[in-house]
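The lines below spell out each chain.
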Amino acid sequence: GAVVSQHPSRVICKSGTSVKIECRSLDFQATTMFWYRQFPKQSLMLMATSNEGSKATYEQGVEKDKFLINHASLTLSTLTVTSAHPEDSSFYICSASKLAGPYEQYFGPGTRLTVT
Amino acid sequence: AQKITQTQPGMFVQEKEAVTLDCTYDTSDQSYGLFWYKQPSSGEMIFLIYQGSYDEQNATEGRYSLNFQKARKSANLVISASQLGDSAMYFCAMRPGGSEKLVFGKGMKLTVNP
């Protein structure tokens with residue numbers, strides 16, 4: 001199996017607060033974890049790539065101070081949305097790829113963030 | 001530049017019929033991987049099938065098969081015997097050679113009618 005969990009599944013927070021989203025690979029070790037953002041009826045937009053023990057690599061246009069990523073172990077990565085604003089409301093999905101194989105990414109169930 | 005094109009915004013198919021979802025890609029890499037993912041309304045992305053650029057045979061996984069035509073740079077997904085649970089968004093994606101990142105197409109919505 002290749003199960004990725006994500007927590008929380010839904011979160012509502014007030015503008016100006018920070019929100020942490022966890023992504024865990026439950027039954028495999030992940031070389032790399034990815035964070036995506038998906039707007040309604042659109043495709044996934046890669047935000048950043050994270051490797052265990054090193055700094056995340058952010059895609060162009062993604063604010064690294066706004067979206068803090070920590071990859072503490074081969075099974076856990078966290079995304080913290082700092083000082084959230086209503087425009088940060090979105091569906092955030094993480095994925096993880098295995099140490100071996102064709103590097104298919106296994107996705108978490110996603111987190112629906114609403115900033116009021 | 002790497003690019004995935006899914007031109008069909010939406011398709012309708014009758015239950016038990018087969019359906020083909022189109023995907024073309026653009027890359028100058030010799031080595032790459034092609035993937036299809038399904039996203040139901042619940043939001044999770046479900047990995048369906050993988051095709052490597054050097055694989056000579058088309059990939060198959062149960063009711064899913066990938067019609068890989070390398071010269072035409074197409075990687076169409078064929079779903080045989082559609083089921084109501086197949087109704088979802090479907091995304092074609094490519095992993096360029098030497099990269100772990102995926103490039104996604106815009107997706108297409110499949111609706112299976114009873």
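Up top you'll find the structure we're talking about.
Heads up: these notes are all about the structure in this document.

Procedures and definitions
In this convention, every chain numbers its residues from 1, walking through the sequence in written order. In the order they appear in the text, chains get letters beginning with A and ligands get numbers beginning with 1. Local features are withheld for residues below a pLDDT of 70 in this predicted model, meaning they are given only at 70 or higher, and side-chain atom pairs are given and counted only at 80 or more; totals for whole chains, interfaces and linings count all residues. For side-chain calculations, the full set of non-hydrogen atoms in the structure is used, while hydrogens and water are omitted. Working definition: helices are DSSP H or I runs of at least four residues, strands are E runs of at least two. Numbering for both runs from the N terminus. Every radius of gyration here is taken over C-alpha atoms, with the globule rule written as 2.2 Å times N^0.38, N being the number of residues. Relative accessibility under 20% of the residue-type maximum defines a buried residue, over 50% an exposed one, and the middle range a partly exposed one, all with a 1.4 Å probe and only protein chains included. Contacts were defined at the residue level, with two residues in contact if any of their heavy atoms lie within 4.5 Å. Residue-level accessible areas treat just the shown protein chains as cover; the underlying method is Shrake-Rupley with a 1.4 Å probe. Positive: Lys, Arg. Negative: Asp, Glu. His and the chain ends are not part of the count. All charge positions are set by atom: Lys at NZ, Arg at CZ, Asp at CG, Glu at CD. Sulfur atoms of two cysteines make up a disulfide when they are within 2.5 Å.

1. A few points about the overall build of chain B
- Looking only at helices and strands, one finds zero helices and twelve strands in chain B.
- Going from the N terminus to the C terminus, chain B shows its helices and strands as β-β-β-β-β-β-β-β-β-β-β-β.
- Taken over the C-alpha trace, chain B has a radius of gyration of 14 Å; the compact-globule value for 114 residues is 13 Å, and the two agree within 12%.
- Its C-alpha atoms give chain B principal-axis dimensions of roughly 40 × 25 × 20 Å.
- Of all 114 residues assigned to chain B, the portion counted as buried reaches 46%.
- Contacts in chain B between residues at least 24 apart in sequence constitute 55% of all its contacts with a sequence separation of at least 6.
- Here chain B displays about 5,600 Å² of accessible surface, and carbon together with sulfur accounts for 48% of that area.
- Of the side chains in chain B, 11 bear a positive and 11 a negative charge, and the two mean positions are spaced by 6 Å.

2. Comments concerning the state of the cysteines
- Counted under the stated rule, the structure contains two disulfides over all chains.
- Linked covalently through their sulfurs, A:Cys23 and A:Cys94 form a disulfide whose S-S length is 2.0 Å. On the sign convention where negative means left-handed, the S-S torsion of about 80° between A:Cys23 and A:Cys94 marks this disulfide as right-handed. Residue A:Cys23 is found in strand S3 (residues 19–25), and its partner A:Cys94 is found in strand S9 (residues 90–98); the two are separated by 71 residues along the sequence.
- With relative accessibility at 0%, the residue A:Cys23 sits in the buried group.
- Between the sulfur atoms of B:Cys23 and its disulfide partner B:Cys92 the distance amounts to 2.0 Å. In this structure, the disulfide formed by B:Cys23 and B:Cys92 twists by about -65° around the S-S bond and is classed as left-handed. Linking B:Cys23 in the loop between strand S3 (19–21) and strand S4 (24–26) with B:Cys92 in strand S10 (residues 88–96), this pair joins segments that are 69 residues apart in sequence.
- Not part of a disulfide, A:Cys13 finds its nearest cysteine sulfur in A:Cys94, a span of 18 Å.

Honestly, it's all geometry; don't read function into it.
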